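# Understanding the architecture of this molecule
Here are the chains, one letter per residue:
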Amino acid sequence: MRNIFKRKPKKIIPRQYSFVVFDRTTVPLEMYEKYYKETFQNSFNTSDKLFIFLGEVPNARSHCILADLVTGTVEGIYHTYNFREATEDEC
């Protein structure tokens, strides 16, 4: 019998307490307009907003909690795979 379920590529979860940036390329436009636009309004370039990745929510898989370094607010619940670890140049 043929396996009808295709495996999805494994998403990379950032390390806990690492600096992360929003990766705009992973979000479809409709989803960005509905969920992300208000928070990331001026950050179409990924390096505009820097967060600390506090971790994945145990009760909501693939969702994470972030701390905004500029405002000091805690942001959530966003999809974990929409963020990537920041490079040294972005920090």
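Rules of the game
- Note that residues are indexed from 1 along each chain, following the sequence as it is written.
- With pLDDT at 70 or above as the cut-off, local features in this predicted model cover only qualifying residues; side-chain atom pairs require 80 or more to be listed or tallied, and sums for whole chains, interfaces and linings still use all residues.
- With hydrogens and water stripped out, all remaining heavy atoms of the structure feed into the side-chain values.
- Only DSSP runs of H or I covering at least 4 residues are called helices, and only runs of E covering at least 2 are called strands; the numbering of each starts at the N terminus.
- For every residue, the accessible area obtained with a 1.4 Å probe (protein chains only) is divided by the maximum for its type, and the residue is called buried under 20%, exposed over 50%, and partly exposed between those limits.
- What makes two residues a contact is simply this: any of their non-hydrogen atoms within 4.5 Å.
- Accessible areas in this description were obtained via Shrake-Rupley with a 1.4 Å probe; residue shielding takes into account the shown protein chains only.
- Think of pLDDT as the predictor's per-residue confidence, scored from 0 to 100.
- DSSP calls a pair of strands paired once it identifies at least 2 bridges connecting them.
- Simply put, an axis is a line fit to the C-alpha atoms, just over the touching stretch for a helix, and the angle between two N-to-C directions goes from 0 to 180 degrees.

In terms of helices and strands, the chain carries one helix and five strands. Secondary structure of the chain in N-to-C order comes out as β-α-β-β-β-β. Counting only residues that meet the buried cut, the chain has 33% of its 91 residues in that class. Once local pairs closer than 6 in sequence are excluded, the contacts in the chain between residues at least 24 apart make up 51%. Summed over its atoms, the accessible surface of the chain is roughly 7,000 Å², and 53% of this surface lies on carbon and sulfur atoms.

A few words on the confidence of the model for the chain. Should pLDDT be low for a region, the predicted coordinates there are not to be read in detail. Mean pLDDT over the chain works out to 81, with 80% of the residues at or above the 70 mark. Looking at the elements of the chain, mean pLDDT is at its lowest for helix 1 (residues 29-36), recorded as 84, and at its highest for strand 2 (residues 50-56), recorded as 94.

Relative to strand 3 (residues 63-68), strand 2 is paired through five bridges, and the arrangement is antiparallel. Within strand 3, the residue paired with Ile 52 across the bridge is Ala 67. Of the pairings in the sheet, the one linking strand 3 to strand 4 (residues 74-79) comprises five bridges and is antiparallel in character. Along strand 4, the bridge assignment pairs His 63 with His 79. Linking strand 3 to strand 4, which pair antiparallel, is a turn of five residues; within it Gly 72 sits at a positive phi near 80 degrees.

A few words on the sheet that holds strand 3. Spatially, five strands are ordered 4-3-2-1-5 in an open sheet, and the strand pairing comes out antiparallel. The sheet is open, and its two borders are formed by strand 4 and strand 5 (83-85), each paired with just one other strand. The average angle at which neighbouring strand axes cross in this sheet is 45 degrees, direction not considered. Where strand 1 (residues 19-22) lies against strand 2, three bridges are found, and the strand directions are antiparallel.

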